[in-house]
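Results of the structural survey
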Protein chains: 2
Amino acid sequence: MVANSLRARVRAEMIDEIKAVARRHLATDGANLSLRAVARDLGMASSAIYRYFPSRDDLLTTLILEAYVALGDAVEAADDAVDRDDLRERWFAGCRAARAWALANPAEYALLYGSPVPGYAAPDDTVEPAMRPPLTLIGIVRDGLAAGQLTPPPAADLPQPVRDDLADIAASLSPGMPAALLARGMAGWTQLFGLISFELFGRIKGGLPHRDDYFDHQIALMADLIGLPR
Amino acid sequence: MVANSLRARVRAEMIDEIKAVARRHLATDGANLSLRAVARDLGMASSAIYRYFPSRDDLLTTLILEAYVALGDAVEAADDAVDRDDLRERWFAGCRAARAWALANPAEYALLYGSPVPGYAAPDDTVEPAMRPPLTLIGIVRDGLAAGQLTPPPAADLPQPVRDDLADIAASLSPGMPAALLARGMAGWTQLFGLISFELFGRIKGGLPHRDDYFDHQIALMADLIGLPR
DNA sequence: AACCTGTCAAGAGCACTGCTCTCGAATTGG
DNA sequence: CCAATTCGAGAGCAGTGCTCTTGACAGGTT
């Protein structure tokens, strides 16, 4: 099957090339990139693209999926590179990695976390990769609880219905995780997403030159809220 | 000028009708609504639309601007309806109003706070209306400080560069507003945006049936962070 | 070496888009 | 009443996603 694998290899290279060019177009055209333009850049007929991707949405889905994986990898790698016991530094590393990836790949970030493409429905394959970044951050909180470095907030803070909802999720993530703590971890993730989005989508005030420091401080606020020891 | 005003009135009605139909299409097609489809719904030729809006982007800009105003009005009205001295309740009212407006007008919210439309650049007219919702919330914090109900966080929390940046902004908003307090108010606004976006863009998914309560709790967390008295 | 068979690129074509221009028709102000 | 302005409709251009057909090529088999 060596001969067949040659053909398969050429095909794989072609797919990679299409994705690379499409990613480049993504940076300028966003979600409405043109298949024909990609084909033009590759010097091929637009119809030839359909040999490799059944539709434009399918190409987009592939890019989205790979972007989720890339972001997840970046956050996880940053977390892994820090002393496991230094929870606060792990939190900072994970959040900073997410922001750095977003700033380096703004179009892909917009594709993941911007407004959903109208006709487009995310297939099920994307939900698991999409959960990885937040789960990595929640994992830091979980470790802190397990290590006794973190005292959970009073459960009375949580209204009963939310406590029940979150208790189910918490149990599936990590046995013994208090709902109130999970709520604060989710708040941290929400804040991270908001911070990056505001910065990337240009809705941040003009007079904020020291964005890195601002980001760090806002992230520190959430670390305090979660209870990560200084 | 009565005769002229007849034509002007018809024209104004026509513009309103176009905007209304466009808003309806926005709900299904998002940012890539079709001028031709709008024209079809109105029973007119597509070229006729150009008598009223110079381009599709211009129509979108009008919708965006009016959406900002609507959201700003909703938040302000909710804030105004609450006893001025009950800061926490004002915070809740403002945040809930923003969420309610977003849930009622998801497409418009996506247009305002989703990923920016690729080729589209927001004109200057939009920045002032865009600032109204966050400024209303910051105003609550300012009032709390002025009334002495709110003790500002220690300035040492803020790294020097951020303190300087925020001090400039704070001074332009309200004299005497501490930078550290402004930072927390901005964190609250960021969190609000993140919460609404996650809920609206479907990234919260299953396992959280009591969304209202969840939202309230997350907002309460930020109220605590800001220091709004219970 | 000759012969199928599956794969591929290309072209034509359909329905759609934003936008421009022109041409009559209607309305308005003088 | 007439000239000037405004308006709607139609044709047309360049672009889009996508489908279908046609012809060329390489793979493995006989």
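Not measured: the values here are computed from a predicted model. (Residues numbered from 1 in each chain as written. Chains lettered and ligands numbered in written order. Predicted model: local features only at pLDDT ≥ 70, side-chain atom pairs only at ≥ 80, totals over all residues. Heavy atoms only, no water.)

1. Notes on the overall build of chain A
Our working definition: Think of it this way: any DSSP run of H or I at least four residues long counts as a helix, any run of E at least two long counts as a strand, and we number them from the N terminus. Two residues qualify as a contact provided that any one of their heavy atoms is within 4.5 Å of a heavy atom in the partner residue.
Within chain A, the regular secondary structure consists of 10 helices and 0 strands. Scanning chain A from its N terminus toward the C terminus, one meets helices and strands in the order α-α-α-α-α-α-α-α-α-α. Projecting the C-alpha coordinates of chain A onto the three principal axes gives extents of approximately 65 × 50 × 35 Å. Taking the intrachain contacts of chain A between residues at least 6 apart in sequence as the baseline, contacts between residues at least 24 apart amount to 71%.

2. Side note on the packing of helix H4 (residues 56–80) of chain B against helix H5 (residues 87–104) of chain B
Residue and element names in this part refer to chain B. Note the threshold: Between N-to-C directions, angles cover 0 to 180 degrees, with each direction set by a line fitted to C-alpha atoms, over the stretch in contact for helices. Should an angle fall under 35 degrees it is called roughly parallel, over 145 degrees roughly antiparallel, and 65 to 115 degrees roughly perpendicular, with every other angle called oblique. Two helices that cross are described as forming a left-handed crossing if the nearer one is turned anticlockwise from the farther one by less than a right angle, and a right-handed crossing if clockwise. For this classification, the nonpolar set comprises Ala, Val, Leu, Ile, Met, Phe, Trp, Tyr, Cys and Pro, the charged set comprises Asp, Glu, Lys and Arg, and every other residue, Gly included, is treated as polar.
Direction vectors running N to C along H4 and H5 enclose 150°, while the axes themselves pass 8 Å from each other. Classified by the interaxial angle, the pair formed by H4 and H5 is roughly antiparallel. The handedness of the crossing between H4 and H5 comes out as right-handed. Only Arg 90, Ala 93, Gly 94, Ala 97, Ala 98 and Trp 101 of H5 make contact with H4, whose side of the interface consists of Ala 67, Ala 70, Leu 71, Ala 74, Val 75, Ala 78 and Asp 79. Here the residues of the contact of H4 with H5 sort into 10 nonpolar, 1 polar and 2 charged.

3. Quick look at the relation of the copies chain B and chain A
Rule in force here: All copies are superposed by least squares; the fitting set is the C-alpha atoms of residues with a pLDDT of at least 70 in both.
Superposing chain B onto chain A requires a rotation of 180° together with a translation of 0.0 Å along the rotation axis, leaving an RMSD of 0.1 Å. Expressed as a symmetry operation, the mapping of one chain copy onto the other fits a two-fold axis.

4. Observations concerning the domain arrangement of chain A
Interface extent is often summarised as the accessible area lost during association of the parts. All names here are of chain A. Short version of the rule: The domain limits used here are those given by an automatic or database domain assignment. Two parts lose some accessible area (1.4 Å probe) when they are put together, and adding that loss for both gives the buried area. Salt bridges are counted wherever a side-chain nitrogen of Lys or Arg sits within 4 Å of a carboxyl oxygen of Asp or Glu. Pairs of N or O atoms are called polar contacts if they sit within 3.5 Å, as long as, within protein, a hydrogen donor faces a hydrogen acceptor (for residues adjacent in sequence, only side-chain-to-side-chain pairs).
When cut into domains, chain A gives domain 1 (1–53) and domain 2 (56–226). Listed by partner, the interface residues are 11 residues for domain 1 and 11 residues for domain 2. Carbon and sulfur atoms make up 73% of the area that domain 1 and domain 2 hide from each other, which totals about 1,100 Å². Counting the surface domain 1 buries against domain 2, the share from its top three residues, Arg 23, Leu 26 and Phe 53, is 45%. Summed over the shared surface of domain 1 and domain 2, the number is 2 salt bridges. For Arg 23, the salt bridge is made with Glu 66, and the minimal N-O distance between the two is 3.4 Å. Applying the counting criterion to the domain 1 and domain 2 interface returns 4 residue pairs in polar contact (both at pLDDT 80 or more). Looking at which element gives the most residues to the side of domain 1 that touches domain 2, the answer is helix H1 (residues 2–29), with 6 residues.

5. Here we look at the packing of aromatic side chains
The line we're drawing: Geometry of aromatic contacts follows a simple scheme: Phe, Tyr and Trp rings, the Trp one being its six-membered ring, pair when their centres are within 6.5 Å, and the pair is stacked under 30 degrees between planes, edge-to-face over 60, tilted otherwise. Throughout, exposure labels follow a simple rule: accessible area from a 1.4 Å probe, protein chains only, divided by the maximum for the residue type, with under 20% read as buried, over 50% as exposed, and the rest as partly exposed.
One pass over the full model with this rule turns up 15 aromatic pairs over all chains. Seen from their ring centres, Tyr113(A) and Phe193(A) are 5.9 Å apart, and the 55° between their planes marks the pair as tilted. Here the residue Tyr113(A) occupies a position in helix H6 (residues 106–113), and Phe193(A) occupies one in helix H9 (residues 179–200), the gap between them amounting to 80 residues. The exposure classification of Tyr113(A) matches that of Phe193(A), with both residues buried. For the ring pair Tyr113(B) and Trp189(B), a centre distance of 6.1 Å and an interplane angle of 70° mean the geometry is edge-to-face. One end of the pair, Tyr113(B), is in helix H6 (residues 106–113); the other, Trp189(B), is in helix H9 (residues 179–200), and 76 residues separate them in sequence. For the pair Tyr113(B) and Trp189(B), a shared accessibility class is recorded, and that class is buried.

6. Re a nonpolar patch on the surface
Residues and elements named next belong to chain A. The criterion, for reference: Residues qualify for a patch when their relative accessible area is over 30% and they have no salt bridge, like charges being joined within 9 Å and the nonpolar side chains of Val, Leu, Ile, Met, Phe, Trp and Tyr within 5 Å. Under the convention used here, a 1.4 Å probe and the Shrake-Rupley method define accessible areas, while residue burial counts only the protein chains that appear.
Where nonpolar side chains cluster on the molecular surface, the patch consists of Met 131, Leu 135 and Leu 173 and spans about 230 Å² of accessible area. Residue position: Leu 173 is located in helix H8 (residues 160–173). Since its relative accessible area comes to 33%, Leu 173 is described here as partly exposed.

7. As for the interface of chain B and chain A
The interface of chain B with chain A comprises 48 residues on the first partner and 48 residues on the second. Summing both sides of the interface, chain B and chain A together bury roughly 4,000 Å²; the carbon and sulfur share of this comes to 67%. Linking chain B with chain A are 0 salt bridges, by the criterion used here. At the junction of chain B with chain A, the criterion picks out 7 residue pairs in polar contact (both at pLDDT 80 or more). Mapped by element, the contributors of at least two residues to the side of chain B that touches chain A are helix H1 (2–29), H6, helix H8 (160–173), H9 and helix H10 (211–226) of chain B. For the side of chain B that touches chain A, the element with the most residues is H9(B), which contributes 12 residues. When the residues that make up the side of chain B that touches chain A are grouped by side-chain class, the tally is 28 nonpolar, 13 polar and 7 charged.

8. Things to note about helix H7 (residues 127–146) of chain A
Inclusion rule: Helix span, as expected, comes to 1.5 Å for every residue beyond the first.
Over its 20 residues, H7(A) runs 27 Å from end to end, which matches the ideal 28 Å to within 8%, given 1.5 Å per residue. One or two residues past the end of H7(A) sits Gly148(A), with phi positive at roughly 75°.

9. Considerations on H8(A)
Over its 14 residues, H8(A) runs 20 Å from end to end, which matches the ideal 20 Å to within 8%, given 1.5 Å per residue. The set of residues buried in H8(A) consists of Val162(A), Asp165(A), Leu166(A) and Ala170(A). Residues of H8(A) that are buried make contact with H9 of chain A together with H10 of chain B.

10. Concerning the pattern of salt bridges
Oppositely charged side chains can pair when the atoms bearing their charge come close. Applying the stated criterion to the full structure yields 40 salt bridges over all chains. Across the pair Glu89(A) and Arg96(A) runs a salt bridge whose closest N-O atoms are separated by 3.7 Å. For Glu89(A), a relative accessible area of 35% translates into the label partly exposed. As a salt-bridge pair, Arg90(B) and Asp143(B) come within 3.0 Å of each other at their nearest N and O atoms. Of this pair, Arg90(B) sits in helix H5 while Asp143(B) sits in helix H7 (residues 127–146), and the two are 53 residues apart along the sequence. Salt bridges here are not isolated pairs; linked through shared partners, they connect Asp79(A), Asp80(A), Arg84(A), Arg90(A), Arg142(A) and Asp143(A).

11. Points about the packing of H9(B) against H10(B)
Residue and element names in this part refer to chain B. Direction vectors running N to C along H9 and H10 enclose 170°, while the axes themselves pass 9 Å from each other. Between H9 and H10, the angle is such that the two are roughly antiparallel. The element H9 and its partner H10 pack so that their crossing is right-handed. Here H9 contributes Leu 181, Arg 184, Gly 185, Ala 187, Gly 188, Gln 191, Leu 192, Leu 195, Ile 196 and Glu 199 to the contact with H10, which in turn contributes Arg 211, Tyr 214, Phe 215, Gln 218, Ile 219, Met 222, Leu 225 and Ile 226.

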